[in-house]
Amino acid sequence: MGERPGEPLLKVTNLTVSYGPIKAVKGVSLEVYRGEVVSLIGANGAGKSSLLRAISGLVPYGGEVAFEGGSLAGVPAHKRVGRGITHVPEGRGIFGNLSVMENLTLATWQRKDKTGIAGDLDRVFTRFPRLRERSGQPGNTLSGGEQQMLAIGRALMANNECMLLDEPSMGLSPLLVEDIFQVIREINAGGVTIVLVEQNANMAILASNRGYVMESGVIALSGSRDELSSDPRVIDAYLGV
Amino acid sequence: MMKIFRTAIHGQPAGPRRPMLAVIIAGFALSIALPYFGLLNKYVIFVLISVGINVILTISLNLVNGFMGEFSVGHAGFMAVGAYGAAVTSVNVIPRWMGAAAFPTAILAGGLAAALVSLFVAIPSFKTRGDYLAIVTLAFAMIVKSALENMDVLGGPRGFMGMQQFTTLPWVFFWMVLSLWAIRNFVYSAYGRGVLSIREDETASELSGVDTRKVKVLTFALSSFFAGVAGGLYAHLLQFINPSMFDVIKSTEMLIMVYLGGVGSIAGSILGASIYTILMEVLRPMGVWRMVLMPAVLILLMIFRPRGIMGLRELRWFVYKAIPHSGAAAKGQNIGNT
């Protein structure tokens, strides 16, 4: 695991994202290898979410995003899901008026293999028994933690190799944050490569193999977990004392 | 009350199959028998036919505004295309000796014309996100009206006539059941769940792999098809159509029926169309004042029940059996099928 040389699973080269005249991402390059957890940390407005949105095809971008060696240029967002990238958006994006079950099955909208889908559903329910209990309940009646579990569960339904998580700990109590990070470790142990965007830098760095620090649209720093957690600049700016 | 109504969004197992088919057959038999034995006078039959046509219009608009969460305000435009399409087909294309036998062909032609024209609206306006559809559909309805007014072959502002009165109670009942059935099956299918997800969160929908653009265009075309069917029925009821029948007021009426009955609800569409149509008839003696009363009712409704009478809820009857529910999930069956 980790920085083994070879073909990266996800390779971002000189990526730029602009919203009108505002440049949110100004030439970012990064690589993610199979089996890794890579964290992206940085302050509000550093461009982390925009980077994820570009990778999953939600916003137009300059530069290059390659997955499994193939360019994703011109591939729309809903097709990138089929290529192997699942994005859990900031704020969870669950379908509030649809049942938990409908939320989960929507992630398989493009798939036709009923047995495979049933198997994935079973895996999700085994991991999150609470979702099974609530499967007939509308998504917006779940608690914040349960909604995050639902968002991650829905992402698991896509059964993809790479998962982009945008602020999974947002708005959750410290105890639930621990739970979420435990879930992330477990999913990764199950073979899913994870890109994790977090404001909670401490937890994110600890949970990851490597990390990138973003500052106003560029990557200011990168390194392994130990390098980042001992770097005085990171400690000063993000970890606090 | 909660026993009969169920939230469509809840995935609880739907009740045992109610005798839906029996009710449809009984309704159809009644729609033939009542006029045949002269049990209803012509006026009542006319009102019932209007209710049926309005149910079709309401479910059609509800598909876009209620189930998909987009906002079309120019549905009278599609109704107009359907009305003229069906009228021209039946007057100029179908030989007269074929009589009522070719009536379904004329109606289908109207529906298909409306669906085809809807693509010209849907494809460009769904390229971008946001509330463009409201403006585009409003403009579209105006274009259709002024285009019809300027086409002398279609009679221009004087209108078009020559259709026989083929629209009878049984035919309207048939088309109403067909449109309700088609739209129910569509929105409760695995594909149709994509329509609902667009209403809930379009970004998340796309991230779940839903081809949101394709779903939106297709849903809009299906909706327009049934608006066109309703237009065709309308043309063969009045035997005369002119462009000013399909003005902004007509579009507004459809919106009122949708929001009165309830967004995202099939039962609500039936209820909204029936209440509105019958109330407008009952209040006819009030003259101009009914146009004061009706908006007042609507305002009160928006205050006390902003989603309409049946907003986002469904009569158990109309809920499709195979919505995945906890029981099915435990056994790993019926997942994601239609």
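Thresholds, definitions, all that
Residues numbered from 1 in each chain as written. Chains lettered and ligands numbered in written order. Predicted model: local features only at pLDDT ≥ 70, side-chain atom pairs only at ≥ 80, totals over all residues. Heavy atoms only, no water. Helix = DSSP H or I, 4+ residues; strand = E, 2+ residues; numbered from the N terminus. pLDDT = per-residue confidence, 0-100. Contact = heavy atoms within 4.5 Å. Pairing = 2+ DSSP bridges. Axes fitted to C-alpha atoms, helices over the stretch in contact; angles between N-to-C directions. Patch = residues over 30% accessible without salt bridge, like charges linked within 9 Å, V, L, I, M, F, W, Y side chains within 5 Å. Areas by Shrake-Rupley, 256 points an atom, 1.4 Å probe, with all protein chains shown as cover. Salt bridge = Lys/Arg side-chain N within 4 Å of Asp/Glu carboxyl O. Buried < 20%, exposed > 50% of the residue type's maximum accessible area, 1.4 Å probe, protein only. Core = buried A, V, L, I, M, F, W, Y, C linked by side-chain atoms within 4.5 Å.

A. Structural context of unusual backbone geometry. Located in the positive-phi region is E167(A), a residue other than glycine, with phi close to 50°. Counting through the fold element by element, E167(A) comes out in the loop between β7 (162-166) and α7 (174-189).

B. Focus on the confidence of the model for chain B. Residue and element names in this part refer to chain B. Overall, the predicted model of chain B reaches an average pLDDT of 86, with 88% of residues at or above 70. Scored below 50 in pLDDT, residues 1-16 shows 44 contacts in the model against residues more than four places distant or in partner chains. Note on residues 322-338: pLDDT under 50 across the span, and 41 contacts to partners over four residues away in sequence or across chains. Among the scores for the predicted complex, ipTM is 0.90 and pTM is 0.88.

C. Seen up close, the sheet that holds strand β2 (residues 22-32) of chain A. All names here are of chain A. A sheet is described by the order of its strands in space; here 4 strands give the open sequence β2-β1-β4-β5, paired in antiparallel fashion. Each having just a single partner strand, β2 and β5 (70-71) make up the two edges of the open sheet. In the sheet, strand β1 (residues 10-19) pairs with β2 via 8 bridges, with the strands oriented antiparallel. Paired with L15 across the bridge in β2 is V28. Across the sheet, helix α1 (residues 48-55) lies against β1, β2 and β4 (62-67), angled at about 115° from β1, the strand it touches most.

D. Structural detail: a nonpolar patch on the surface. Residue and element names in this part refer to chain B. Taken together, the side chains of M286, W289, V292 and L293 make up a nonpolar region of the molecular surface, amounting to roughly 390 Å² of accessible area. Tracing the sequence through the fold places M286 in the loop between α11 (266-282) and α12 (290-304). The class for M286 is partly exposed, based on a relative accessible area of 33%.

E. Examining the pairing of strand β6 (residues 85-88) of chain A more closely. Residues and elements named next belong to chain A. Residues I85 and H87 point to one face of β6 and T86 and V88 to the other, with burial holding for every one of them. Pairing of β6 with β7, which is carried by 4 bridges, proceeds in the parallel orientation. What sits directly across from T86, in β7, is M163.

F. Broad picture of the nonpolar core. One finds I53(B), F220(B), L233(B), I241(B) and F246(B) to be the most contacted residues of the largest nonpolar core, which totals 90 residues. The residues touching I241(B), leaving out its near neighbours within four places in the chain, are A83(B), Y84(B), A87(B), G159(B), F160(B), M163(B), A235(B) and F246(B). Among the nonpolar cores identified, the runner-up in size contains 43 residues, and I41(A), L172(A), L196(A) and A204(A) belong to it.

G. The pattern of salt bridges, seen in detail. One pass over the structure, following the stated rule, counts 20 salt bridges over all chains. For D120(A), the salt bridge is made with R111(A), and the minimal N-O distance between the two is 2.9 Å. By relative accessible area, R111(A) is classed as partly exposed at 22%. When the shortest N-O distance is used, the salt bridge between R199(B) and E200(B) registers 3.1 Å.

H. Up close: helix α7 (residues 190-200) of chain B. Burial within α7(B) is extensive, with 8 of its 11 residues counted as buried. What α7(B) keeps buried is the set G192(B), R193(B), G194(B), V195(B), L196(B), S197(B), I198(B) and E200(B). In the core, the buried residues of α7(B) are packed alongside α3 (100-106) of chain A together with α2 (42-67), α6 (169-187), α8 (202-207) and α9 (212-238) of chain B.

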